[in-house]
Amino acid sequence: MLTSPLVLLASLGAGLVQAQQNTLDDLFVENAPSSPRPYVIPHYANSHSVTIGPQLYRFPVTGPSSGYAFTLMGTNAPSSGNLGVLPHIHRRHYENFFALKGRFQLWAQKDGNEQQGRLLTQGDFGSVPATPPTPSKCWILIPRWDLFYALGTNYSSGTDTAYVPSVSHGPGTPSSYIMSQLQRYDVYPETFKARRDFVNGSAPSHNTVWHTGSNELGAPAKPYFLAGGYGPKYLNSDHGYQIIQPLVEPKQAQDLNYTISTISLSRQTKNSPPSYTLDGAAAFEVAEGALSIQIGDFPLVTIMTGDVAFIPAQVPFTYYTETAFTKVLFIASGNNSLDQQLINGGNKWDWVTFPSTKHT
Ligand SMILES: *[C@@H]1O[C@H](CO)[C@@H](O)[C@H](O)[C@H]1NC(C)=O
Ligand SMILES: *[C@@H]1O[C@H](CO)[C@@H](O)[C@H](O)[C@H]1NC(C)=O
Ligand SMILES: *[C@@H]1O[C@H](CO)[C@@H](O)[C@H](O)[C@H]1NC(C)=O
Ligand SMILES: *[C@@H]1O[C@H](CO)[C@@H](O)[C@H](O)[C@H]1NC(C)=O
């Protein structure tokens, strides 16, 4: 009588071992992996960090970790009136800037047009396309994480500090000699002088709207700035409320075939969130609140401000929030990713807040 239960237990045990369940420990990594797989990198984790003067750079998503879809780099630095990098162009790389917290100044100048500068504060965005040498049109979207590895000093902190408070506030700017050596990383120094005549966060201050009115996404291949909440917005009501604010749409990305949006989620009202499987790699970075996400065979995880979740192409995932308001930055390869699907399933919306009637 005792034998069969024992056999049953033994075979159950063997089955569990063979299934090799992915665990939370497998999902959480300190550094972006060398090939695509689902992972989560906590805010201020090492993420291959390097320092360049007082600036500390982290790389939650790299070329190798995303299958060469995109790089996600975090920069922290103490306040300084000096330029963080010398004026330069990239001939093949698009660069986009999102202020997760704090503030920084960004300048862009295109084709002899008037130079534009903005002071970006939390939630603001700037897009700077490549400046290809005519007639080449060979653009790519992988900012050079390897450039920073080459230029920076590897850094590791026992306290996950955002940046090193004791580093001198020195120039923090690579010398023009170093810059001239960087063409193989698609960095070409430019002679333009960063203008300093900012008024109310904008230079020029006439004929610009910055934190006072609507901003539109730019024309293809043109730099543009979107103040947080002042760009176009869409409301999707399929599963709770989601407000999608596109930062880069397929039109701006052109041949580069990627999109960037913020997505604000209301507390979910249905039990089972929809599952998505995307054609391209995607990443969420939490800007506010807490996002629960379940990727592939990994257990459900809840990530918070600054944490990054990476989803490889073709791996199913679901997400939702139990908070009243959670906002994420969403970056994706392809021109029909989650943000575009939510926009297509939603309607134009003028507000950064959800409707006052509950969605059921
Ligand atoms: C710095 O880190 C990179 C990436 O983690 C590694 O490839 C390189 O060998 C490191 N360099 C030094 C000097 O430790
Ligand atoms: C700057 O902001 C102040 C306060 O809103 C306003 O009175 C002033 O006209 C602004 N200056 C410019 C140049 O827009
Ligand atoms: C998306 O890309 C496909 C080719 O991959 C193209 O046919 C389609 O027009 C693109 N859609 C948009 C909105 O750019
Ligand atoms: C656009 O990106 C998606 C996802 O990465 C990919 O499946 C598709 O082939 C790409 N299309 C083009 C035209 O590059």
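Thresholds, definitions, all that
- Residues numbered from 1 in each chain as written.
- Chains lettered and ligands numbered in written order.
- Predicted model: local features only at pLDDT ≥ 70, side-chain atom pairs only at ≥ 80, totals over all residues.
- Heavy atoms only, no water.
- Pairing = 2+ DSSP bridges.
- Helix = DSSP H or I, 4+ residues; strand = E, 2+ residues; numbered from the N terminus.
- Axes fitted to C-alpha atoms, helices over the stretch in contact; angles between N-to-C directions.
- 1 Å grid on protein atoms, 1.4 Å probe; cavity = no way out; pocket = protein on both sides within 12 Å on 5 of 7 lines; lining within 4 Å.
- Points joined across faces, edges and corners; volume = space filled by probe spheres on them.
- Nonpolar A, V, L, I, M, F, W, Y, C, P; charged D, E, K, R; others polar.

An unreviewed UniProt entry lists the protein under the name Quercetin 2,3-dioxygenase, from Penicillium cosmopolitanum.

Asker: Teacher, can you tell me more about the sheet that holds strand S19 (residues 301-304) here?
Answerer: Each strand in a sheet pairs with another by means of backbone hydrogen bonds, the pair being arranged parallel or else antiparallel. The antiparallel open sheet is built from three strands, whose spatial order is S19-S18-S21. Looking at the sheet topology across the chains shown, the edges are occupied by S19 and strand S21 (317-320). Each adjacent strand pair in this sheet contributes to an overall mean axis angle of 30 degrees, direction not counted. With four bridges connecting them, strand S18 (residues 290-295) and S21 associate as antiparallel partners. Of the residues in S21, the one forming a bridge with Ile-293 is Tyr-319.

Asker: Hey, could you run me through unusual backbone geometry in this one?
Answerer: Across residues other than glycine, the phi torsion is negative in most instances, and most of the peptide bonds are trans. Residue Pro-204 is reached from Ala-203 by a cis peptide bond, and omega for that bond is 0 degrees. One can find Pro-204 in the loop between strand S12 (202-203) and strand S13 (224-226). Its identity is not glycine, yet Tyr-68 carries a phi of approximately 60 degrees, on the positive side. Mapped onto the elements of the fold, Tyr-68 is located in the loop between strand S3 (55-61) and strand S4 (72-76). A positive phi is found at Asn-207, a non-glycine position, where the angle reads about 60 degrees.

Asker: It is not clear to me how empty space enclosed by the protein should be interpreted in this structure. Could you clarify?
Answerer: By rolling a water-sized probe across the atoms, one finds the places where empty space is left. According to the stated counting rule, one finds three cavities of 30 Å³ or more in the structure shown. Volume-wise, the largest cavity comes out at about 70 Å³. Around the largest cavity, the lining comprises 13 residues; the ones closest to its centre are Ala-227, Gly-228, Gly-229, Gln-245 and Leu-247. It is strand S15 (residues 242-248) that provides the largest number of residues to the lining of the largest cavity, a total of three residues. Among the residues forming the lining of the largest cavity, the class breakdown is six nonpolar, six polar and one charged.

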